[in-house]
Amino acid sequence: EAGVTQFPSHSVIEKGQTVTLRCDPISGHDNLYWYRRVMGKEIKFLLHFVKESKQDESGMPNNRFLAERTGGTYSTLKVQPAELEDSGVYFCASSEAGTEKLFFGSGTQLSVL
Amino acid sequence: DQQVKQNSPSLSVQEGRISILNCDYTNSMFDYFLWYKKYPAEGPTFLISISSIKDKNEDGRFTVFLNKSAKHLSLHIVPSQPGDSAVYFCAAGGSGTYKYIFGTGTRLKVLA
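Fair warning: this is a prediction, and the values are worked out from it, not measured in the lab.

Chemist: How should the sheet that holds strand 7 (residues 62–67) of chain B be read in this particular structure?
Modeler: Sheet strands pair via backbone hydrogen bonds, and the direction of the pair is either parallel or antiparallel. Residue and element names in this part refer to chain B. Strand order in the open sheet formed by 5 strands is 1-3-8-7-6, and the pairing between neighbours is antiparallel. Edge positions in the sheet fall to strand 1 (4–5) and strand 6 (56–59), since each has one partner strand and no second. Here 4 bridges tie strand 6 to strand 7, and the two strands are oriented antiparallel to one another. Considered in strand 7, the bridge of Asp 59 is made with Phe 62.

This is the structure in structure tokens:
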């Protein structure tokens, strides 16, 4: 069974540009999460989808970040316009309904220059 | 303010010995705790979890201990193997919230 897949694995963009990250959760997982790790620090929660609905987006840094999960399947996280402090590794995770065990993707390393 | 703290950024242990990784938390509402292991260029992988109704959970070489009064948990790996070398993250949350707070990680190096 395929795990959580993220694309791209790396992205290097200039300040002010737009970047879209994609996450394909494990098939059948209703819960989808985005997390971010900056400069070797803690892995910080960004938001949580249940199917196509945003359950909790309290971790989103500001309105330059937009997450969507059309049809309750894959999700995208768009950063527009990107700033230097947005650099980090963006992880997507998914879980089955009613379980606490999160399965993580390999992450997207975003570098904003 | 960090609610989940892993105060040791790194730890080195000889193969075959016990590795003890520590984690402290501040929020008394946390009642579910997890440990994740992360290899370079990979996402975190679930290792073991514990609910606040228990004080110990064991899975093979991995045991997690929870001390609620001290707001402290620890992960014991016995015996340690070179393949255990990775970054270990502690995470905490309230059951049913699905929003986990992670620590900064501890890099474990098991020396052959």
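Chemist: Could you clarify how one ought to interpret a nonpolar patch on the surface in this entry?
Modeler: All names here are of chain B. On the surface, a nonpolar cluster with roughly 220 Å² of combined accessible area is contributed by Ile 18, Ile 20 and Val 78. Position of Ile 18 among the secondary structure elements: in the loop between strand 2 (10–14) and strand 3 (19–25). In this structure Ile 18 comes out as partly exposed when scored by relative accessible area, which is 40%.

Chemist: Whenever I open this one, the interface of chain A and chain B confuses me. Can you help?
Modeler: Quoted interface sizes are often the accessible area lost when the parts come together. Each partner contributes to the interface: chain A provides 21 residues, whereas chain B provides 20 residues. Here chain A packs against chain B, burying approximately 1700 Å² in sum over the two surfaces, 62% of which is carbon and sulfur. Inspection of the chain A/chain B interface yields 0 salt bridges. Counting across the chain A and chain B interface gives 4 residue pairs in polar contact (both at pLDDT 80 or more). Mapped onto the side of chain A that touches chain B, the elements with two or more residues apiece are strand 4 (31–37) and strand 5 (43–50) of chain A.

Chemist: I would appreciate a short explanation of the environment of Gly 93 of chain B in the present structure.
Modeler: Residues and elements named next belong to chain B. Within the secondary structure, Gly 93 sits in strand 9 (residues 86–93). Overall, the relative accessible area of 0% leaves Gly 93 in the buried class. Each C-alpha atom, one on Gly 93 and one on Leu 73, is 13 Å from the other, the two residues being 20 residues apart in sequence. Ignoring sequence-local partners within four residues, the contact set of Gly 93 consists of Phe 30, Asp 31, Tyr 32, Lys 99 and Tyr 100.

Chemist: Sorry if this is basic, but what is going on with the pairing of strand 11 (residues 106–111) of chain B here?
Modeler: Consecutive residues of a regular strand have side chains that alternate between opposite faces of the sheet. All names here are of chain B. Here strand 11 shows one buried face, formed by Thr 106, Leu 108 and Val 110, and one open face, formed by Arg 107, Lys 109 and Leu 111. As defined by bridge partners, strand 2 adjoins strand 11 across 5 bridges and the pair is classed as parallel. Along strand 11, the bridge assignment pairs Gln 14 with Leu 111. Note: strand 9 against strand 11, 3 bridges, orientation antiparallel. Pairing of Val 87 across the sheet is with Arg 107, part of strand 11.

Chemist: Looking at this structure, I do not really get the nonpolar core. What am I missing?
Modeler: As a rule of thumb, soluble globular proteins bury nonpolar side chains together. Judged by nonpolar contacts, the single largest core of 23 residues is most densely connected at Phe 33, Trp 35, Leu 73, Leu 75 and Tyr 88 of chain B. For this core, the secondary structure elements donating two or more residues are strand 3, strand 4 (32–38), strand 5 (45–51), strand 7, strand 8 (72–77), strand 9 and strand 11 of chain B. It is strand 9 of chain B that contributes the most residues to this core, 4 residues altogether. Core analysis: the second largest hydrophobic core is formed by 21 residues, Trp 34, Leu 47, Phe 49 and Met 60 of chain A among them.

Chemist: What is the right way to read the packing of aromatic side chains from this model?
Modeler: To describe a pair of aromatic rings, one takes the distance between the centres and the angle between the planes. Per the stated rule, a full pass over the model turns up 13 aromatic pairs over all chains. Judged by centre distance (6.2 Å) and plane angle (55°), the ring pair of Tyr 25 of chain B and Phe 30 of chain B falls under tilted. Relative accessible area serves as the criterion here: at 6%, Tyr 25 of chain B is assigned to the buried category. Taken together through their ring pairs, the aromatic side chains of Tyr 33, Tyr 35, Phe 45, Phe 91 and Phe 104 of chain A together with Tyr 36, Phe 46, Phe 89 and Phe 102 of chain B make up a single cluster.

Reading guide: rules and limits
- Residues numbered from 1 in each chain as written.
- Chains lettered and ligands numbered in written order.
- Predicted model: local features only at pLDDT ≥ 70, side-chain atom pairs only at ≥ 80, totals over all residues.
- Heavy atoms only, no water.
- Pairing = 2+ DSSP bridges.
- Helix = DSSP H or I, 4+ residues; strand = E, 2+ residues; numbered from the N terminus.
- Patch = residues over 30% accessible without salt bridge, like charges linked within 9 Å, V, L, I, M, F, W, Y side chains within 5 Å.
- Areas by Shrake-Rupley, 256 points an atom, 1.4 Å probe, with all protein chains shown as cover.
- Salt bridge = Lys/Arg side-chain N within 4 Å of Asp/Glu carboxyl O.
- Buried < 20%, exposed > 50% of the residue type's maximum accessible area, 1.4 Å probe, protein only.
- Contact = heavy atoms within 4.5 Å.
- Buried area = accessible area lost by both parts, 1.4 Å probe.
- Polar contact = N/O pair within 3.5 Å; in protein donor to acceptor, adjacent residues only side chain to side chain.
- Core = buried A, V, L, I, M, F, W, Y, C linked by side-chain atoms within 4.5 Å.
- Phe/Tyr/Trp six-rings, centres within 6.5 Å; stacked < 30°, edge-to-face > 60°.

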